[in-house]
2 protein chains.
Amino acid sequence: MPETTRRADRHADRLSGTRYGNRPTMKDVAARAGVGLKTVSRVVNGEPGVTPDTERRVQEAIDALGFRRNDSARVLRKGRTASIGLVLEDLADPFYGPLSRAVEEVARAHGALLINGSSAEDPEREQELALALCARRVDGLVVIPAGDDHRYLEPEIRAGVATVFVDRPAGKIDADVVLSDNYGGARDGVSHLIAHGHRRIGFIGDMPRIHTAAERLRGYRAAMEDAGIPVEGQWMSLGATDPVRVRRAAEDMLSGPTPVTAIFAGNNRVTVTVIRVLAEQSRPVALVGFDDIELADLLQPGVTVVAQDAAALGRTAAERLFRQLDGSLVAPERIELPTRLITRGSGELPPAG
Amino acid sequence: MPETTRRADRHADRLSGTRYGNRPTMKDVAARAGVGLKTVSRVVNGEPGVTPDTERRVQEAIDALGFRRNDSARVLRKGRTASIGLVLEDLADPFYGPLSRAVEEVARAHGALLINGSSAEDPEREQELALALCARRVDGLVVIPAGDDHRYLEPEIRAGVATVFVDRPAGKIDADVVLSDNYGGARDGVSHLIAHGHRRIGFIGDMPRIHTAAERLRGYRAAMEDAGIPVEGQWMSLGATDPVRVRRAAEDMLSGPTPVTAIFAGNNRVTVTVIRVLAEQSRPVALVGFDDIELADLLQPGVTVVAQDAAALGRTAAERLFRQLDGSLVAPERIELPTRLITRGSGELPPAG
DNA sequence: CGCGCATCTGACAACGTTGTCCAGGCTCTA
DNA sequence: TAGAGCCTGGACAACGTTGTCAGATGCGCG
């Protein structure tokens, strides 16, 4: 009866004064090796001042007991945890995978572990996560903001938690920020369509309260204005980017009295849905998407995109974070990484209809 | 001169007896609120036995000082960290994103944080990571094995670290394992090609030391044998799955004296490269891939795949892990999740040539 | 042979929290 | 009004580690 066994175990633990799990500690190792506690600590941490013979005895005891240093206690004593937190929107989003991996690589190079969590685009959850990470005393925090007010982090930053915001700027506090050039990228993408003869160009983007979405919209407007093209309200869709809504938005702007001949898609999710809708259209419609997508080159036509370098965003942010920890950084800075227009066909289609 | 500043800071810290960063502790809060240490603890943890008035005073002190409980110390005292570790191969791989997210969701539902790291398919790095996580005293470990010997985890498991292996089985130890039906999936996929008239079918897969790769190869062989088709050596490529090598393998099996009329691709990365190669061929070649890929339905033809449910793998593993922690689990088990054949066109092409 | 010095070792406090336990003050009842 | 019992608050130890410091041991040299 396993349940009985287990309960008995717990009872035994209670009796012996140790907890369930009952791991050996340095004290146990010391006792077994017949040395002092501190000597074990020295061996475990490779500190000098231990004779080879003693070291061997200690090592044997460690192996025999299966001892592993408790880093929680170590952290408590030393003050640094050698771990950093990453708060992002959704780990399952293909945009954040490479970003996350890049942060991890930099952390690894600095001997730190990475704790990450998804905010699911919910400001409250972002805050909850970030503060939970602070309570764990991560040395630093890389945040992809969901909310637009980060004053809740002020005490933490003051207390020494290195903090860098990525992809979107921090709200209402002064902090390091690493962004893509969303405005410039969108403007270039839309200008590209205009250069290929389009004038009726649709824009489907996320809610403008999301900074990247607002910036890309701004880029769209700027490109249109530069070309002297007045924008009609029905050409723009600014809201949630779930497939149903995006599909309806695309179909609407393709069917009105002044249907668009080209669409600029505000992010990778939008692009994918728009591709599906366009595949169903009888006449060709040009498309430029923000964010690169896998296999974009294999579709017919290939999908022209404004690509941002997710890995570079992550790497830059993480490196900056560790430079904060070094103390080699002074004032918060705003770093903007360039985007790249990749032409593959869909953005070079001429206006039809 | 930052270095000078810093040294001065350290000196000041030394003097005041606190460390760099100098966070308020419960003691500080207690002093400011004019109450005892334990009373603060009670307020912070919502324990009963504090009058509203006292609670208010404490809360004010907490807010004024920007106090946040140090979970490291808490962990040390309580023995559980409310965090679990996930060791996977590559966070940037689109297959692991959803898996990781699923694990995170389950962890979140249990009030736990997720620490994850990439092994980069290196057994040594896997071990290093897993043991680092154990040193942090994670409550449990979800491991996507890179190596085939996990005896190094035995002391940890004995010490109470809940452990579940995903995607590939544990090596040389008895532990919970959650897998996809790699053998059955591959067999079905290859049988599908055979049912559509193919006899010369190529297989491009990863190194057979990787369990999933070996199982899928076994499925391929079984399907061929069931159909009474002898397999020629040049139809199989078993090695690294970098684009260069896969491309060469595909081109080789398409050009020999007995060229294949269909290819079974052993994983998502292989599938993508094979699609590129096939797009360059003059005659149509059938393709079935293991793992679903985004936009597979939009290609010409759509890509037929054997899909596994990455999120379900992660969810199942994490749930099992927390059941281990509950104590409601007894013996290690091997759970196999079914795969699903999704027909989209490429796998239904008839043999050509 | 004794002294000083270098090397090695261990006792002890501290990190910030929580569990245990006891003291004091209050209310309520007889 | 006295006593019982409850409620609130606080002192103290413990969690497992590391830094400090002092003691012990052994060695070389005068």
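Remember, it's a predicted structure, so these values are computed and weren't measured experimentally. (Residues numbered from 1 in each chain as written. Chains lettered and ligands numbered in written order. Predicted model: local features only at pLDDT ≥ 70, side-chain atom pairs only at ≥ 80, totals over all residues. Heavy atoms only, no water.)

1. With respect to the overall build of chain A
Inference 1: Within chain A one finds 13 helices and twelve strands.
Inference 2: Taking 353 residues into account, the globule formula puts the C-alpha radius of gyration at 20 Å, and chain A, at 27 Å, lies well above it.
Inference 3: In terms of overall dimensions, chain A has a C-alpha envelope of 90 × 55 × 35 Å along the principal axes.
Inference 4: In chain A, which comprises 353 residues, the proportion classed as buried is 54%.
Inference 5: Considering only contacts in chain A between residues 6 or more positions apart, those separated by 24 or more positions represent 65%.
Inference 6: Carbon and sulfur atoms make up 50% of the accessible area of chain A, which amounts to about 15,400 Å² in all.
Inference 7: Averaging the coordinates of the 46 positive side-chain charges in chain A and doing the same for the 49 negative ones gives two points 6 Å apart. (Helix = DSSP H or I, 4+ residues; strand = E, 2+ residues; numbered from the N terminus. Rg over C-alpha atoms; globule rule 2.2 N^0.38 Å. Buried < 20%, exposed > 50% of the residue type's maximum accessible area, 1.4 Å probe, protein only. Contact = heavy atoms within 4.5 Å. Areas by Shrake-Rupley, 256 points an atom, 1.4 Å probe, with all protein chains shown as cover. Lys, Arg positive; Asp, Glu negative; His and termini not counted. Charge placed at Lys NZ, Arg CZ, Asp CG, Glu CD.)

2. Examining helix α6 (residues 96-109) of chain B
Residues and elements named next belong to chain B.
Inference 1: With 14 residues, α6 extends 20 Å from end C-alpha to end C-alpha; this agrees with the ideal 20 Å at 1.5 Å per step.
Inference 2: For α6, the complete set of buried residues consists of Tyr96, Gly97, Leu99, Ser100, Arg101, Ala102, Val103, Glu104, Val106 and Ala107.
Inference 3: Following α6 by one or two positions, Gly111 has its phi on the positive side, about 70°. (Expected span 1.5 Å × (residues − 1).)

3. Quick word on the sheet that holds strand β8 (residues 262-265) of chain B
All names here are of chain B.
Inference 1: An order of β7-β6-β8-β9-β10-β12 is seen for the six strands of this open sheet, with the pairing classed as mixed. Of all the strands in the sheet, the pair left with one neighbour each is β7 (236-238) and β12 (340-342). Averaged over all pairs of adjacent strands, the angle between their axes in this sheet comes to 15°, without regard to strand direction.
Inference 2: Examined bridge by bridge, strand β6 (residues 201-205) and β7 share three bridges and lie parallel to one another. Residue pairing across strands places Phe203 opposite Met236, the latter belonging to β7.
Inference 3: Contacting β6, β7 and β9 (286-290), helix α10 (residues 211-226) runs over the sheet at an angle of about 170° to β6.
Inference 4: Helix α12 (residues 268-279) rests against β6, β8 and β9 of the sheet, and its axis sits at about 160° to β9. (Pairing = 2+ DSSP bridges. Axes fitted to C-alpha atoms, helices over the stretch in contact; angles between N-to-C directions.)

4. Concerning the confidence of the model for chain A
Inference 1: Summing up the model confidence of chain A, the mean pLDDT is 90 and the portion of residues at 70 or higher is 94%.
Inference 2: In the predicted structure, residues 1-20 of chain A sits below a pLDDT of 50 and forms 19 contacts with residues beyond four places in sequence or in another chain. (pLDDT = per-residue confidence, 0-100.)

5. Remarks on the sheet that holds strand β9 (residues 286-290) of chain A
Residue and element names in this part refer to chain A.
Inference 1: Strand order across the open sheet formed by six strands is β7-β6-β8-β9-β10-β12, with mixed pairing between neighbours. A strand with exactly one partner marks an edge of an open sheet, and here the two such strands are β7 (236-238) and β12 (340-342). Taken pair by pair, the neighbouring strands of this sheet meet at an average axis angle of 15°, ignoring direction.
Inference 2: Bridge analysis of strand β8 (residues 262-265) against β9 gives four bridges, and the strand direction is parallel. Paired with Phe264 across the bridge in β9 is Val288.
Inference 3: Sheet contacts for helix α10 (residues 211-226): β6 (201-205), β7 and β9; angle to β6, the most-contacted strand, approximately 170°.

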